[in-house]
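# Inside the fold
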Amino acid sequence: MSDRVPVNDLGRSGSLVEARTRAAVNRVLESGRYILGAEVDAFERDFAAYCGTAHCVGVANGTDAIELALRALGVGSGSRVATVANAGSYTTTALAALGAHAVFVDVDPGTMLMDPDHLKRVAGGGDLDAVVVTHLYGLLHDMGTVLDIAAGAGVPVLEDCAQAHGARRDGRTAGSFGAAAAFSFYPTKNLGALGDAGAVVTGGAEVAERVRLLRQYGWQERYRAGVPGGRNSRLDEMQAAVLRARLPFLDGWNDRRREIAARYSREIRHPRLRCPAVCGEEFVAHLYVVACEDREALRAHLAAASIGADVHYPVPEHLQPVREGLGGRPALPVTEELAGAVLTLPCHPGLSDEEVTRVISRVNSW
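Owing to the predicted nature of the structure, the values given are computational and were not obtained by experimental measurement.

Procedures and definitions
- Residues numbered from 1 in each chain as written.
- Predicted model: local features only at pLDDT ≥ 70, side-chain atom pairs only at ≥ 80, totals over all residues.
- Heavy atoms only, no water.
- Axes fitted to C-alpha atoms, helices over the stretch in contact; angles between N-to-C directions.
- Helix = DSSP H or I, 4+ residues; strand = E, 2+ residues; numbered from the N terminus.
- Parallel < 35°, antiparallel > 145°, perpendicular 65-115°, else oblique.
- Left-handed = near helix turned anticlockwise from the far one by under 90°.
- Contact = heavy atoms within 4.5 Å.
- Buried < 20%, exposed > 50% of the residue type's maximum accessible area, 1.4 Å probe, protein only.
- Salt bridge = Lys/Arg side-chain N within 4 Å of Asp/Glu carboxyl O.
- Pairing = 2+ DSSP bridges.

## Focus on the packing of helix 3 (residues 38-51) against helix 9 (residues 237-246)
For the pair helix 3 and helix 9, the least separation of the axes is 8 Å and the interaxial angle reads 40°. Relative to helix 9, helix 3 is oriented oblique. The way helix 3 lies across helix 9 gives a crossing that is left-handed. Counted together, Ala38, Glu39, Val40, Ala42, Phe43 and Asp46 of helix 3 and Glu237, Ala240, Ala241, Leu243 and Arg244 of helix 9 form the full contact between these two elements.

## Regarding the environment of Val359
Relative to the assigned elements, Val359 resides in helix 13 (residues 353-364). On the basis of relative accessible area, Val359 is assigned to the buried category, the value being 0%. C-alpha of Val359 to C-alpha of Ala97: the two residues are 262 residues apart in sequence and 41 Å apart in space. Apart from residues lying up to four places away in sequence, Val359 is in contact with Val5, Tyr264, Ile307, Leu345 and Pro346.

## Let's talk about the pattern of salt bridges
Applying the stated criterion across every chain, the model contains 22 salt bridges. Its salt-bridge partner being Glu39, residue Arg244 comes within 3.0 Å of it at the nearest N-O pair. Linking Arg244 in helix 9 with Glu39 in helix 3, this pair joins segments that are 205 residues apart in sequence. The residue Glu259 makes a salt bridge to Arg256 at a minimum N-O spacing of 3.3 Å. Remark: Arg256 and Glu259 occur in helix 10 (residues 250-267); sequence separation between them is 3 residues, near one turn of the helix. Ionic contacts of the salt-bridge type, sharing partners, join the residues Arg27, Glu39, Asp46 and Arg244 into one network.

## Description of the sheet that holds strand 4 (residues 130-134)
Strand order in the open sheet formed by 7 strands is 1-9-8-5-4-2-3, and the pairing between neighbours is mixed. The sheet is open, and its two borders are formed by strand 1 (55-59) and strand 3 (101-104), each paired with just one other strand. The average angle at which neighbouring strand axes cross in this sheet is 25°, direction not considered. By the bridge criterion, 5 bridges tie strand 1 to strand 9 (residues 198-202) in an arrangement that is antiparallel. Bridge assignment links Val57 to a residue of strand 9, and that residue is Val200. In this fold helix 4 (residues 62-72) packs onto strand 1, strand 4, strand 5 (157-160), strand 8 (180-184) and strand 9, with an angle of close to 165° to the strand it touches most, strand 8. Against the sheet, helix 7 (residues 143-153) makes contact with strand 4 and strand 5, and its axis sits at roughly 150° relative to strand 5, the strand it touches most.

Right, here's the structure in full:
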């Protein structure tokens, strides 16, 4: 094992299930069916059951999952959708493709998730069409509160579960709360494929059917497009087979991530750092993110000891260059403060206890 402690290491994670992954790949090669076949059907059934939803529709990637789910929920040109600005540009990319507008909501300084009080104020204006709630870094939001606010405004909620595979609260799994949920299976996710892949899960048969049509050109039958907004966004057989092979390991991997995160939160003691709270099943530790003063100094201190660190995410969405000229700048003071302070420490199932100890020791010596 290298002396370097990486933020993530797909080689280590992949080696844990290498035999099952190779068998899955070989099964697809031998089948001669590579698009929308038995593997996709089986994974959709398995993942819907895992999430506790009636339906799962595999698509090409997580951003397409957000776009197609929102389109299936009635979001389109001119729609106004509440979302956060600290979660990468994935939702805003989907909204741009739909011709919809992002209505940015600030975040809670402790959880770094959408601030319910701010959402309530935004929703009170009466001009929202949907809410996208992101379970950022693997922490499942208090969905009861979010759903109550959205219900009061008469709008659907889409869960962005790209970082929260398997997170649970009150006996329910991420993705089972909203009108629909979008998942990414990008290789670094808690459940990752060997390339891009995504899915929409939902309890609504009409929503699921609409996504199924949208993911393949809007075809109501072969070569007959009857649903506007369709595209080529199909989960392929290879990725579905790999995901099926890895799904049984997800809860165990999440347990290990949570164990590492708990050690960090209990044992890192530094007056210039704020660590996440120790959580239960509602947190699957996709990323372990601290807030600190002078993050670049800490990052350099870690790098000198061959410990990786990263920033998720350095530029809030409302300040991205692509949004210049799109109107006034919303007031998101917490989002902007966190963007200058967040730092991601290594946290993945392949980390050894000794490496976790090294990270803790090095942070505390800063």
